[in-house]
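Observations on chain architecture
Here are the chains, one letter per residue:
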Amino acid sequence: MRLPDWLDKYLFETLQARFHPVYSNMTVIDWNKEQIRDYLGTYFPRSYVESYTIFSRYLASSSKLMDTTDISILDFGSGTGGELFGLFQALKEKRPNITQIKVRVIEGNADALRSYERILCEWRKHTKTKIICSPSPIKIDDFYDLGILDALFTEKFDIILSFKAVCEFVTKQQFETQNPYKHLAGFMMPKLSEKGMMVLADISSKNEIANEWIPDMMDLGLKDLKANVTHRNTGNNEIFTVCHTGSICDSSKLAWRIIEQ
């Protein structure tokens, strides 16, 4: 899949994104402005295509969100927002009945959040859907901080997503020896609307710090919560491909789960 031409041009010309993969456990929350340019040219396109593909397939086979014009979304660890824009595009194509989207994003990296807001301003020029965004520049240091978020986010959401964010908690051991997927999903699931759904997605490699495979940790956490996992990738991961100015054909591997009420 290729990025939309206008988005490709905005990333690589206006924001000066650079294609520069990092082959090790990353903690993007600590990246500076220059490193965010590498993220925009590498991981933003990957997240866009991953999210677009997952949601497009799901919405094509489901009647969810067919009977509404307004929806709400929560993105935990949004980064520069690649997964959100992929979701927006899938909704635009599969749910044209939706005319307004309210978005709450949680992100601790200020430079990533500024990039997301700039891309959102450009995105609005290419859609008729009204997108209302409320960014929350909050850095989560451990599972105790989730209690703060619990007090801040009292509303329900139709879609909750987290793409490649939880693995950073594993790398930095911010949840000590406890399963961060269990804690994060346990925090988010009660915030789903009656017909809501959550997508939890992450890298599928073995974490060097925890010495565990990320998909195994994800499954164990969701099993402990008795989460209703209705869709998931087959095997260890799903491979996605994306073409853009920085790479003729880049590929990524993702472990993803869809949880419904």
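Residues numbered from 1 in each chain as written. Predicted model: local features only at pLDDT ≥ 70, side-chain atom pairs only at ≥ 80, totals over all residues. Heavy atoms only, no water.

**Considering the packing of helix H7 (residues 180–188) against helix H8 (residues 214–225)**
Two elements in contact, H7 and H8, have axes separated by 7 Å at closest approach and are oriented at 45°. When the axis of H7 is compared with that of H8, the two are oblique. When you trace H7 past H8, the crossing you get is right-handed. Judged by residue contacts, Pro-180, Tyr-181, Lys-182, Ala-185 and Gly-186 of H7 engage Ile-214, Met-217, Met-218, Gly-221, Leu-222, Asp-224 and Leu-225 from H8. (Axes fitted to C-alpha atoms, helices over the stretch in contact; angles between N-to-C directions. Helix = DSSP H or I, 4+ residues; strand = E, 2+ residues; numbered from the N terminus. Parallel < 35°, antiparallel > 145°, perpendicular 65-115°, else oblique. Left-handed = near helix turned anticlockwise from the far one by under 90°. Contact = heavy atoms within 4.5 Å.)

**A few points about the pattern of salt bridges**
Using the criterion set out here, one finds 12 salt bridges in the structure. With a closest N to O distance of 3.4 Å, Arg-232 and Asp-219 form a salt bridge. Here Asp-219 lies in helix H8 and Arg-232 lies in strand S8 (residues 229–232), a separation of 13 residues in the sequence. It is possible to trace a salt-bridge network through shared partners that takes in Arg-18, Glu-34, Arg-37 and Asp-38. (Salt bridge = Lys/Arg side-chain N within 4 Å of Asp/Glu carboxyl O.)

**Structural notes on empty space enclosed by the protein**
Using a probe with the size of a water molecule, rolled over the atoms, empty space left in the structure can be pinpointed. What the rule picks out here adds up to two cavities of 30 Å³ or more. Taken as a whole, the second largest cavity encloses approximately 70 Å³ of empty space. Taken together, Phe-88, Leu-91, Lys-92, Arg-95, Ile-98, Ile-101, Trp-123, Thr-127, Thr-129 and Ile-131 make up the full set of residues lining the second largest cavity. When residues of the lining of the second largest cavity are assigned to their parent elements, the largest contribution, three residues, is made by helix H3 (residues 82–94). Among the residues making up the lining of the second largest cavity, the classes are represented as six nonpolar, two polar and two charged. (1 Å grid on protein atoms, 1.4 Å probe; cavity = no way out; pocket = protein on both sides within 12 Å on 5 of 7 lines; lining within 4 Å. Points joined across faces, edges and corners; volume = space filled by probe spheres on them. Nonpolar A, V, L, I, M, F, W, Y, C, P; charged D, E, K, R; others polar.)

**Some remarks on the nonpolar core**
When a protein is soluble and globular, its nonpolar side chains tend to lie buried together. Ranked by size, the top nonpolar core spans 52 residues in total, and within it Leu-11, Ile-73 and Phe-88 carry the most contacts. The contact partners of Ile-73, leaving out residues within four places of it in the chain, are Leu-84, Leu-87, Phe-88, Leu-91, Ile-101, Lys-102, Val-103, Arg-104, Phe-157, Ile-159 and Leu-161. Listed in part, the 27 residues of the second largest apolar core include Leu-200, Met-218, Ala-227 and Ala-255. (Core = buried A, V, L, I, M, F, W, Y, C linked by side-chain atoms within 4.5 Å. Buried < 20%, exposed > 50% of the residue type's maximum accessible area, 1.4 Å probe, protein only.)

**Notes on the side chain of Glu-122**
Checked against the element boundaries, Glu-122 lands in helix H4 (residues 110–123). The buried category is assigned to Glu-122, whose relative accessible area is 16%. In contact with Glu-122, not counting residues within four places along its chain, are Trp-6 and Tyr-10.

**Notes on the environment of Asn-179**
Here Asn-179 shows up in the loop between helix H6 (166–171) and H7. For Asn-179, the residues in contact, after removing those within four places along its chain, are Met-217, Leu-220 and Gly-221. A polar atom in the side chain of Asn-179 sits 3.1 Å from the backbone nitrogen of Lys-182. (Polar contact = N/O pair within 3.5 Å; in protein donor to acceptor, adjacent residues only side chain to side chain.)

**Remarks on the packing of aromatic side chains**
Counted under the stated rule, the structure contains seven aromatic pairs. Relative to Phe-88, the ring of Phe-85 has its centre 5.7 Å away and its plane inclined at 90°; by these criteria the two rings are edge-to-face. With Phe-85 and Phe-88 both in helix H3 and three residues apart, this pair spans about one turn of that helix. Summarising the aromatic geometry, the rings of Phe-85 and Trp-123 are spaced 5.2 Å apart at their centres and angled 45° between planes, so their arrangement reads as tilted. Here Phe-85, found in helix H3, pairs with Trp-123, found in helix H4; they are 38 residues apart in sequence, far enough to count as distant. Each member of the aromatic cluster is reached from another via a ring pair, and the members are Trp-6, Phe-44, Phe-85, Phe-88, Tyr-116 and Trp-123. (Phe/Tyr/Trp six-rings, centres within 6.5 Å; stacked < 30°, edge-to-face > 60°.)

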